[in-house]
Amino acid sequence: MSVPTPDRYGEGLHISAEKVGENDHFRADYLLRLRMGLRNANWWILDDKAKLSGCLMVREALGKIIDEFGIDYYKQATQELIEEGRREFIKRVRTTMVPGTYRGLTMPVHKRSHVPSVHPLAKNDFIDLVRQEMTITADGRIELDYEGSTGWSFHPFNCAPGPMNGGFWITLTQLLDYDGRVNDGAYLAVKQYLPEGSIVNASCQGVATSLAWWALIPIFANIWRLIGISSYARGFTEEILMSTPTCMVGVTGFDQFSSPTGYNDFEMAGESFGARGVADGLDCGSPIWNSEGIQGDAEVWELTGPNAYLGRGFVPDHQGYGRFRGGSAWQSLWMVRNSELVNVTISASGCMNGGVFHKGLFGGYPPAGWKCLWATGTNVKDLIARGEKLPASIDEAERMLRDGTITAEQWYAGPDNQWSPNLRDGDLFGVLYYGGAGYGDPLERDPAAIEKDLANGLMTVEGARAAYAYSGDAGATSAERDARRRARLARSVPASEWWTAERARAAAGDVSELVHHAFARSAKLSDALVKQYQAFWQIDEFPYTETGEPDFSAPAPVGFYYPRSSSRPTKENLS
């Protein structure tokens, strides 16, 4: 899979629902196809065999139940378990959430015009807008409506109903249905409305979807926030849980054993988590997509690919501030080892190039931004030969590159998604991961919690003062916080005055070109955002008309089945 691919045809190996074996064994032609089409086929094959083994275990256990109790008993039992799951899910929703409609907006920012070698279709900058409405019904069902989202684009982050249902399922099992007995009963009490042709339902032939996670993660991070708001309204603050963005390091080329390689360093599965409504986020917790958080041993990753760790550690002041802070960010720096041809892809979920999607809640701050680094043609091996100091972090490597201690033919350090030039033995690459989002007003943070972070090296004194008004002792901190609250009030204006002042800009469409295009692309598919915008600003004309993209239509898939989304009932259908 190529991260910058603009369409399905460049995504690599696709294996749909097809027969790949018989008599409990994979067919030889399937295994050969994997070995011919994948750099690290052994990993795929091992994963497939593990899944097959799990299916055989389930079949054996199921056979024993049917042999002992009969098929009718089994059918009745499964029906009862699913119905129990549905009822328990509805009960939990009615207990912990408040009926109503909750709105959110996610705007993944894509910037690829800076990448020197990328397909012309993908070499552009734009924003995908995902409009979200979560409805909690009085009888305990959850409906998610994405009407008003922009259309699919030339990138592999588009979604289809399958990935969207998967993202919703992960949300349900981590936030609402986490008792270990989850089954399809919960699905019977939820529904998603995914407009066809949009980024959440890219139902067009040739659309790339291989990295749908990069849209799913920011989309459902916002759903987590909406669920948290509803839980807060019902008084269940302990149920509030904020998510964390995901960063990825993909390595390809040739490994230290001169074999083709291609893999993601899955230490990202231990990224720090967002704050809860009652506690700080976990430092090195788990991402939104996998609750079994684990970084993996550095030594094992060094055996996996042509990279040696120069450092892996926490980054001070790099978490979402709040009454309860998000988990602290950490960073890893690698040196290419024993390979003369390595290329790395370093990117963040939602193509985070300045956009903030993992927002804090109730005054909590989003996490500080991510950063990546690569440097090719370095003198690092010369430093090693002379016994001189090596960098142990991205920040330190950047400083040494800037002051000339490390020289390089080319290098980059910053927040733009990167596809490095070819790297070789002694070159550098690394990533500074996100921390978690914060919860609550930072000025309400317990000074004892601040001092604990200072003692553990997770904050600096300067950072603590800037974020929390920490001044060294209880009296001075309290006085500084009171002063900042007064300053907030002095800067604030009534909402009605703000609305009046901004209305002229809203009517004229006085926004950046990328935002203008995003609004216009939304209006191209639906009038949902248009009506909301006009109603809020009390204007007659929607000022956004230029989409910034060619005016064309792509055909829907034909000749085979593809998943369809539920459609929200119209007034005509209900009458």
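One can find the structure itself at the top, above this paragraph.
Conventions used here
- Residues numbered from 1 in each chain as written.
- Predicted model: local features only at pLDDT ≥ 70, side-chain atom pairs only at ≥ 80, totals over all residues.
- Heavy atoms only, no water.
- Helix = DSSP H or I, 4+ residues; strand = E, 2+ residues; numbered from the N terminus.
- Rg over C-alpha atoms; globule rule 2.2 N^0.38 Å.
- Buried < 20%, exposed > 50% of the residue type's maximum accessible area, 1.4 Å probe, protein only.
- Areas by Shrake-Rupley, 256 points an atom, 1.4 Å probe, with all protein chains shown as cover.
- Pairing = 2+ DSSP bridges.
- Axes fitted to C-alpha atoms, helices over the stretch in contact; angles between N-to-C directions.
- Contact = heavy atoms within 4.5 Å.
- Parallel < 35°, antiparallel > 145°, perpendicular 65-115°, else oblique.
- Nonpolar A, V, L, I, M, F, W, Y, C, P; charged D, E, K, R; others polar.
- Salt bridge = Lys/Arg side-chain N within 4 Å of Asp/Glu carboxyl O.
- Core = buried A, V, L, I, M, F, W, Y, C linked by side-chain atoms within 4.5 Å.
- Patch = residues over 30% accessible without salt bridge, like charges linked within 9 Å, V, L, I, M, F, W, Y side chains within 5 Å.
- Phe/Tyr/Trp six-rings, centres within 6.5 Å; stacked < 30°, edge-to-face > 60°.
- Lys NZ or Arg CZ within 6 Å of the ring centre and 35° of its normal.

Colleague: Could you give me a rundown of the overall build of the protein, with the residues and numbers involved?
Modeller: Scanning the protein for helices and strands turns up 15 helices and 17 strands. Relative to the globule expectation of 25 Å for 575 residues, the C-alpha radius of gyration of the protein, 26 Å, shows essentially globular dimensions. Along the longest, intermediate and shortest principal axes, the C-alpha atoms of the protein span 75 × 70 × 55 Å. When burial is assessed residue by residue, the protein has 49% of its 575 residues classed as buried. Of the accessible surface of the protein, which amounts to about 27400 Å², a share of 54% is contributed by carbon and sulfur atoms.

Colleague: How would you sum up the sheet that holds strand β17 (residues 428-432)? Please name residues and give values.
Modeller: Spatially, the 5 strands line up as an open sheet ordered β11-β12-β17-β14-β15, and their pairing is antiparallel. What marks the edges here is a single partner per strand, and that holds for β11 (307-314) and β15 (410-414). Mean inter-strand twist for the sheet, computed between neighbouring axes without regard to direction, equals 10°. Relative to β17, strand β12 (residues 330-336) runs antiparallel, the two sharing 5 bridges. Note on β17: the bridge partner recorded for Ser-332 is Val-431. Helix α8 (residues 394-403) contacts β12, β14 (371-376), β15 and β17 of the sheet and is inclined by roughly 45° relative to β14.

Colleague: Describe the packing of helix α12 (residues 495-508) against helix α14 (residues 528-537), listing the residues and the values that go with them.
Modeller: Interhelical geometry of α12 versus α14 gives an angle of 130° and a closest axis separation of 10 Å. Relative to α14, the element α12 lies oblique. Of the residues in α14, those in contact with Trp-498, Trp-499, Glu-502, Arg-503 and Ala-506 of α12 are Tyr-533, Phe-536 and Trp-537. In terms of residue class, the contact of α12 with α14 is made up of 6 nonpolar, no polar and 2 charged.

Colleague: So what about the environment of Val-315? Which residues, and what values?
Modeller: Relative to the helices and strands, Val-315 resides in the loop between β11 and β12. In the structure, Val-315 is positioned 135 residues away from Ile-450 in sequence and 15 Å away in space, judged by C-alpha atoms. Residues within four places of Val-315 in sequence aside, it is in contact with Ala-329, Trp-330, Gln-331, Asp-395, Leu-432 and Leu-458.

Colleague: Could you give me a rundown of the packing of helix α10 (residues 461-468) against helix α11 (residues 474-491), with the residues and numbers involved?
Modeller: Where α10 contacts α11, the axes come no closer than 10 Å and their chain directions differ by 45°. Judged by the inter-axis angle, α10 sits oblique to α11. Along its contact with α10, which presents Arg-465, Ala-466, Ala-467 and Tyr-468, the element α11 presents Glu-480, Arg-481 and Arg-484. A per-class count over the contact of α10 with α11 returns 3 nonpolar, no polar and 4 charged.

Colleague: Please give an account of the pattern of salt bridges that cites residues and values.
Modeller: Evaluated as defined, the whole model comprises 35 salt bridges. Two residues, Glu-133 and Arg-131, come together in a salt bridge whose shortest N-O distance is 3.0 Å. Among the residues examined, Glu-133 registers a relative accessible area of 15% and is labelled buried. A salt bridge links Arg-325 to Asp-453; the shortest N-O distance between them is 2.7 Å. A residue pair is termed long-range when its members are at least 10 positions apart, and Arg-325 in the loop between β11 and β12 and Asp-453 in helix α9 (residues 447-455) qualify at 128 residues.

Colleague: Explain the pairing of strand β6 (residues 130-136) to me, and be specific about the residues and the numbers.
Modeller: Burial analysis of β6 places 7 of its 7 residues in the buried class, which makes it a mostly covered element. What you see with β6 is no split at all: Val-130, Gln-132, Met-134 and Ile-136 on one side and Arg-131, Glu-133 and Thr-135 on the other are buried throughout. Across 7 bridges, strand β3 (residues 100-106) lies against β6 in antiparallel orientation. In the strand pairing of β6, Arg-103 is matched with Glu-133. Bridge count for β6 against strand β7 (residues 142-145) is 4 bridges, and the pairing is antiparallel. Each residue of the ladder has a partner; that of Ile-136, found in β7, is Ile-142. Taken together, β6 and the strand that follows it, β7, pair antiparallel across an intervening segment of 5 residues, in which Gly-140 is found at a positive phi of about 95°.

Colleague: Give me the nonpolar core: which residues, what numbers.
Modeller: Among the nonpolar cores identified, the biggest contains 68 residues, and Ile-142, Tyr-146 and Phe-220 are the most heavily contacted of them. Sequence-distant contacts of Ile-142, that is, excluding residues within four places in its chain, are made with Phe-89, Val-93, Met-97, Met-134, Thr-135, Ile-136, Phe-168, Leu-176, Ala-189, Val-190 and Lys-191. Residues Ala-375, Leu-383, Met-400 and Leu-428 belong to the second largest nonpolar core, which totals 16 residues.

Colleague: Residue-level account of the environment of Ile-539, with values.
Modeller: As for its position among the elements, Ile-539 is in the loop between α14 and α15 (571-574). Sequence spacing of Ile-539 and Ala-506 is 33 residues, and the spatial spacing of their C-alpha atoms is 8.8 Å. Every residue in contact with Ile-539, bar those within four places of it in the chain, is listed here: Arg-503, Ala-506, Ala-507, Tyr-533 and Gln-534.

Colleague: Residues and numbers for a nonpolar patch on the surface, please.
Modeller: On the surface, a cluster of nonpolar side chains totalling about 300 Å² of accessible area is made up of Ile-65, Phe-69 and Tyr-73. Examined against the element boundaries, Phe-69 turns out to sit in helix α2 (residues 41-69).

Colleague: Go over the packing of aromatic side chains, please, and point to the residues and values.
Modeller: Going through the model one piece at a time under the given rule, you end up with 24 aromatic pairs. Between the aromatic rings of Phe-324 and Tyr-439, the centroid separation amounts to 6.5 Å while the plane-to-plane angle is 25°, which identifies the pairing as stacked. Of the two residues, Phe-324 sits in the loop between β11 and β12 while Tyr-439 sits in the loop between β17 and α9, which places them 115 residues apart along the sequence. Consider the rings of Trp-499 and Trp-537, whose centres lie 6.3 Å apart with planes at 15°: the pair is stacked. Placement of Trp-499 in helix α12 and of Trp-537 in helix α14 is noted, with a sequence separation of 38 residues between them. Connected via pairs of aromatic rings, a cluster forms that spans Tyr-232, Phe-324, Phe-362 and Tyr-439. The ring of Tyr-178 has Arg-92 sitting right over it, with the charged end atom 4.7 Å from the ring centre.

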